[in-house]
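Below are the chains, spelled out letter by letter.
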Amino acid sequence: KDFGRILIDKFTLWVLDKGNHRVLAFSRENFQVKYIIANGCGKPIDIGTDGMGYLSVLDKKTHQIHKYSVNGVFIGSFDKPNLESPIGLAIGKENTLYVIDMKYNKETNKSETWLLKFIDQEKKPIPIRKFNEISEEFKPSFISIDKEGNIFVVDEGTGHIYQFDPDGSYIGNASIPDYKGPI
């Protein structure tokens, strides 16, 4: 079971407390709670910070991304009409936001899992990778981005870690030795 995430920036230790539907911000100096973000977080499932220190919270209940200042002040939400069943989020170079989202395709009567790229929060996301093209059983559980902007996605079903470039092109994958379950 996935209980949360921890992110560390220059001044703050951010903790996603999924069980209590909130995000906690701890001071890195004394590890005291600086603030608690709970308002607006229906069911937070992932967090990310950008180069300016803003916190983005992916909310599975509201199908939105909530943005907060470095001081935990709510700035706004976006993308309600475009997210159906969000799974994870990561922030890459130039504060580009990536979200894994599962969408239902009425034509094929199947679910499809997409990697969406948000360049501008005011515009619709750009779908850059359909994971079902790799495998029908592809079940992403986690997304991360390195300093070069490469995207890494864990397939919970097979224990593979897939690597993509910032535009979603497949680069390669690695198997987790002796994989026995969710990461």
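Residues numbered from 1 in each chain as written. Predicted model: local features only at pLDDT ≥ 70, side-chain atom pairs only at ≥ 80, totals over all residues. Heavy atoms only, no water.

**Remarks on the overall build of the protein chain**
Part 1: Summing up its helical and strand segments, the protein chain has 0 helices and 16 strands in all.
Part 2: Against the compact-globule benchmark of 16 Å for 183 residues, the protein chain has a radius of gyration of 16 Å, which places it among compact chains.
Part 3: Its C-alpha atoms put the protein chain at 45 × 40 × 30 Å along the principal axes.
Part 4: The proportion of buried residues among the 183 residues of the protein chain is 45%.
Part 5: Of the charged side chains in the protein chain, 24 are positive and 25 negative; the average position of the first set lies 4 Å away from that of the second. (Helix = DSSP H or I, 4+ residues; strand = E, 2+ residues; numbered from the N terminus. Rg over C-alpha atoms; globule rule 2.2 N^0.38 Å. Buried < 20%, exposed > 50% of the residue type's maximum accessible area, 1.4 Å probe, protein only. Lys, Arg positive; Asp, Glu negative; His and termini not counted. Charge placed at Lys NZ, Arg CZ, Asp CG, Glu CD.)

**Describing the pattern of salt bridges**
Part 1: Within this structure, the stated rule accounts for 7 salt bridges.
Part 2: Residues Lys130 and Glu112 are paired through a salt bridge, measuring 3.3 Å at the closest nitrogen-oxygen approach. Within this pair, whereas Lys130 is found in strand S12 (residues 126-130), its partner Glu112 is found in strand S11 (residues 110-118), the two being separated by 18 residues in sequence.
Part 3: Residue class for Lys130 comes out partly exposed when judged on its relative accessible area of 21%. (Salt bridge = Lys/Arg side-chain N within 4 Å of Asp/Glu carboxyl O.)

**Regarding the environment of Ile8**
Part 1: For Ile8, the position within the fold is in strand S1 (residues 4-8).
Part 2: Remark: the alpha-carbon pair of Ile8 and Asp46, spanning 38 residues in sequence, is separated by 14 Å.
Part 3: For Ile8, the contacting residues outside a window of four places in its chain are Leu13 and Arg28. (Contact = heavy atoms within 4.5 Å.)

**Focus on the sheet that holds strand S14 (residues 151-155)**
Part 1: The 4 strands lie next to each other as S13-S14-S15-S16, forming an open sheet whose pairing is antiparallel. At either end of the open sheet lies a strand with only one pairing partner, and these are strand S13 (140-145) and strand S16 (170-175). In this sheet, neighbouring strand axes are inclined to one another by 20° on average, regardless of whether the strands run parallel or antiparallel.
Part 2: Strand direction decides the pairing type here: S14 and strand S15 (residues 160-164), joined by 5 bridges, are antiparallel. In the sheet register, Val154 faces S15, and the bridge partner there is Ile161. (Pairing = 2+ DSSP bridges. Axes fitted to C-alpha atoms, helices over the stretch in contact; angles between N-to-C directions.)

Geometry only, nothing functional implied.
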